[in-house]
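# Analysis of the macromolecular model
Chain by chain, the residues:
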Amino acid sequence: MAVEAKFKSILSLIPDNPGIYQFFDSGGIIIYIGKAKNLKKRITSYFSKNQSGKTIALLRKTSDIRHIVVDNESDALLLENNLIKKHQPRYNILLKDDKTFPWICIKNEPFPRVFSTRNPVRDGSFYFGPYTSGLMVKTLISFIRQLYKLRTCTHNLTKSNIEAGKFKVCLEYHLGNCKAPCVGNQTDNEYHENIEQIRDILKGNISTVIDYLKKTMAKYSVERRFEEAQSVKEKIELLSKFRSRSTVVSNTIKNVDVFAITQESDNAYVNYLKVVQGAVIQALTVELKIRADEEKESILSFAITEIRQRLFSDSPEIILPFKPDILLDKIKYTVPKAGEKQKLLELAERNAIYYKLEQKKKRMEHSPQVRTGKNLEKLKNDLHMADLPVHIECFDNSNIMGTNPVAACVVFRNARPSKNDYRHFNIKTVTGPDDFASMEEIVYRRYRRMIEENQKLPQLIIIDGGKGQLSSAMKSIDNLGLREKVTVIGIAKKLEEIYFPGDSIPIYLDKNSISLKIIQHLRNEAHRFGINFHRDKRSSEMIKSDLDQIKGIGPKTKEILLKHFESVEKIKDASMEELENLVGHTKTSILSGYFGK
């Protein structure tokens with residue numbers, strides 16, 4: 001791609017230093033942020049030949065390019081990450097947010113509480129996580145409360161408030177779950193000693209805590225404080241059991257982060273494992289949406305920086321499948337070829353692949369086509385049908401006090417309304433309010449025409465009504481020879497009973513069943529469609545019976561009146577002067593005489 005004139009002057013001023021660069025659109029909005037070891041080489045590369053469609057689209061949107069020089073590559077990586085989080089540019093990698101995952105919080109306050117939260121707040125509190133399992137968080141919180149007596153209240157336990165006697169002991173104290181620091185029963189030093197041990201446990205440093213507790217137990221034994229020694233011994237046993245349940249992967253690896261990556265079209269999946277004292281204490285997989293051309297080395301460096309920042313990782317070593325494009329300072333990067341570290345990397349790679357397959361499966365399951373197929377399969381099984389009901393029709397009659405009898409047929413294809421196929425019917429052969437005969441007529445008319453026109457018949461026909469309406473419909477179905485070709489059911493509204501031809505005993509579908517919801521949707525749609533048609537017809541009949549019966553008022557005058565007043569009622573309420581101005585004196589006299597003015 002040739003360098004456009006507007007960028008030539010910009011490119012000539014870019015230095016060969018490490019830094020970050022920003023692409024701006026015509027509105028001054030940042031649409032892409034990148035990092036580079038050499039700014040000049042990296043930015044110039046965007047204007048080389050044979051660029052991909054994504055890069056071409058990015059450059060077409062770009063009106064300005066700016067850069068920031070930094071001291072080293074590591075600073076460029078960190079600055080890029082922070083600016084992407086701040087501006088969220090359109091074309092940058094999108095890390096799907098993990099804010100809905102639970103964290104364990106040690107609150108920044110006097111006598112800190114320990115609790116779970118899904119909304120981390122940067123207020124100086126310590127957060128551990130995120131955990132992919134809510135059950136794991138509950139288990140850890142429960143385990144911590146078994147070991148340590150911590151407060152759960154939200155009181156502001158400052159020294160002055162406690163000394164002023166503002167608080168009283170609560171039920172948790174009487175139950176033995178809290179030592180009541182609110183009334184001075186527990187010192188600040190003792191409480192914070194427990195908090196430090198909890199932090200070590202959550203970081204995975206269980207051995208450190210056990211060693212400390214063993215020394216404490218020995219001290220209590222020497223001092224003949226046997227009850228306290230026994231309490232400490234029980235804590236050691238609980239911690240030892242908890243450690244034995246951790247996934248131990250190595251006896252030599254002490255404190256490392258492991259990253260693995262797998263890609264598929266515009267998505268990348270990065271798995272993170274935190275290993276402390278040879279055990280995996282934390283695992284997380286994130287999905288990245290790739291919205292511009294990015295090398296795998298660049299994607300991995302972005303993921304490493306982001307995940308380590310979010311999870312407050314300070315591991316001095318990172319195990320990974322290949323070196324990222326830019327390395328963080330004071331961190332050892334290891335690309336193993338064999339041994340325990342290679343096995344750890346393989347474990348992370350398997351996790352990334354499993355997560356990718358899991359997400360792909362979820363997307364497929366939630367796609368409209370798959371969901372519709374499952375719903376129709378359920379309906380087919382519930383109604384004991386031979387074929388999948390991809391084409392369903394539903395009939396409903398509508399009349400009020402026997403006037404203007406009409407009917408409606410609605411059509412669903414793939415469980416969705418096909419409104420172009422909806423049909424209204426005026427009842428022709430039935431006089432008076434006879435729902436059964438009306439149903440027989442419209443079903444016969446509908447399917448005789450479909451047969452004559454060689455149209456495909458539905459797999460399922462639903463009749464809005466109970467046994468009577470269904471029996472009437474079946475007379476027409478039998479006369480047309482369709483009984484063995486389609487499934488016909490009736491639905492009685494009161495108890496949502498489903499009737500089958502020739503069976504007086506209905507079946508009842510679960511009220512939360514998707515099958516019943518599909519049937520109800522069809523029935524309600526047929527009812528709505530029929531009622532609207534009936535209302536329109538009744539209105540036109542009323543207008544016809546009032547205006548068309550007035551001698552001397554012709555179609556043209558009627559059209560003028562209705563266009564101006566919109567209804568017969570408004571014509572009745574109009575003043576003589578209004579009518580005379582619209583249709584003249586003679587017509588006004590006729591209308592006045594008819595309406596009794």
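Since the structure is predicted, the reported quantities are computational estimates derived from the model, not experimental observations. (Residues numbered from 1 in each chain as written. Predicted model: local features only at pLDDT ≥ 70, side-chain atom pairs only at ≥ 80, totals over all residues. Heavy atoms only, no water.)

## A short note on the pattern of salt bridges
- Under the definition given, this model contains 27 salt bridges.
- Measuring nitrogen to oxygen at the nearest pair gives 2.8 Å for the salt bridge that ties Arg528 to Glu525. Taken together, the residues span about one helical turn, with Arg528 and Glu525 both in helix 16 (residues 514–547) at a distance of 3 residues.
- One salt-bridge network, held together by shared partners, links Lys35, Glu80 and Asp325. (Salt bridge = Lys/Arg side-chain N within 4 Å of Asp/Glu carboxyl O. Helix = DSSP H or I, 4+ residues; strand = E, 2+ residues; numbered from the N terminus.)

## Concerning the sheet that holds strand 7 (residues 126–128)
- Pairing within the open sheet is antiparallel, and its 3 strands lie in the order 6-5-7. Edge positions in the open sheet fall to strand 6 (114–117) and strand 7, since each of these has one partner strand only. Taken over all neighbouring pairs, the strand axes of this sheet differ in orientation by 30° on average, direction set aside.
- Relative to strand 6, strand 5 (residues 103–106) runs antiparallel, the two being bridged by 4 bridges. Bridge pairing in strand 6 places Ile106 opposite Val114.
- Against the sheet, helix 8 (residues 188–203) makes contact with strand 5, strand 6 and strand 7, and its axis sits at roughly 160° relative to strand 5, the strand it touches most. (Pairing = 2+ DSSP bridges. Axes fitted to C-alpha atoms, helices over the stretch in contact; angles between N-to-C directions. Contact = heavy atoms within 4.5 Å.)

## Examining the sheet that holds strand 2 (residues 30–36)
- On the basis of which strands lie adjacent, the open sheet formed by 3 strands has the order 2-1-3 and antiparallel pairing. Edge strands, defined here as strands with exactly one partner in the open sheet, are strand 2 and strand 3 (64–69). Sheet twist, expressed as the average angle between the axes of neighbouring strands with direction ignored, equals 20°.
- Where strand 1 (residues 19–24) and strand 2 come together, 6 bridges link them in antiparallel fashion. Paired with Phe24 across the two strands is Ile30, which belongs to strand 2.
- Here helix 4 (residues 73–87) sits on the sheet in contact with strand 1, strand 2 and strand 3, set at roughly 165° to strand 2.

## Focus: the confidence of the model for the protein
- Predicted confidence across the protein gives a mean pLDDT of 84, with 92% of residues reaching 70 or more.
- Element-level mean pLDDT values for the protein span from 56 in strand 8 (residues 247–248) up to 93 in strand 12 (residues 317–319). (pLDDT = per-residue confidence, 0-100.)

## Some words on the packing of aromatic side chains
- This structure, assessed with the given rule, holds 11 aromatic pairs.
- The interplanar angle of 90° and the centroid separation of 6.4 Å between the aromatic rings of Trp103 and Tyr127 together place this pair among those described as edge-to-face. Here the residue Trp103 occupies a position in strand 5, and Tyr127 occupies one in strand 7, the gap between them amounting to 24 residues. Neither residue differs from the other here; Trp103 and Tyr127 are each classed as buried.
- Each ring, one from Phe259 and one from Tyr272, has its centre 5.1 Å from the other, and the planes form 45°; the classification is tilted. Here Tyr272 lies in strand 10 (residues 267–276) and Phe259 lies in strand 9 (residues 255–264), a separation of 13 residues in the sequence.
- Taking the relative accessible area as the measure of exposure, Phe259 reaches 0% and is therefore buried.
- Tyr272 sits in the buried class, given a relative accessible area of 0%.
- Pairwise contacts between aromatic rings join Tyr21, Phe23, Tyr32 and Tyr46 into one cluster.
- Its end group placed over the ring of Phe126, Arg199 keeps NZ or CZ at 3.6 Å from the ring centre.
- Directly above the ring of Phe322 sits Lys296, whose terminal nitrogen or CZ lies 4.8 Å from the centroid. (Phe/Tyr/Trp six-rings, centres within 6.5 Å; stacked < 30°, edge-to-face > 60°. Buried < 20%, exposed > 50% of the residue type's maximum accessible area, 1.4 Å probe, protein only. Lys NZ or Arg CZ within 6 Å of the ring centre and 35° of its normal.)

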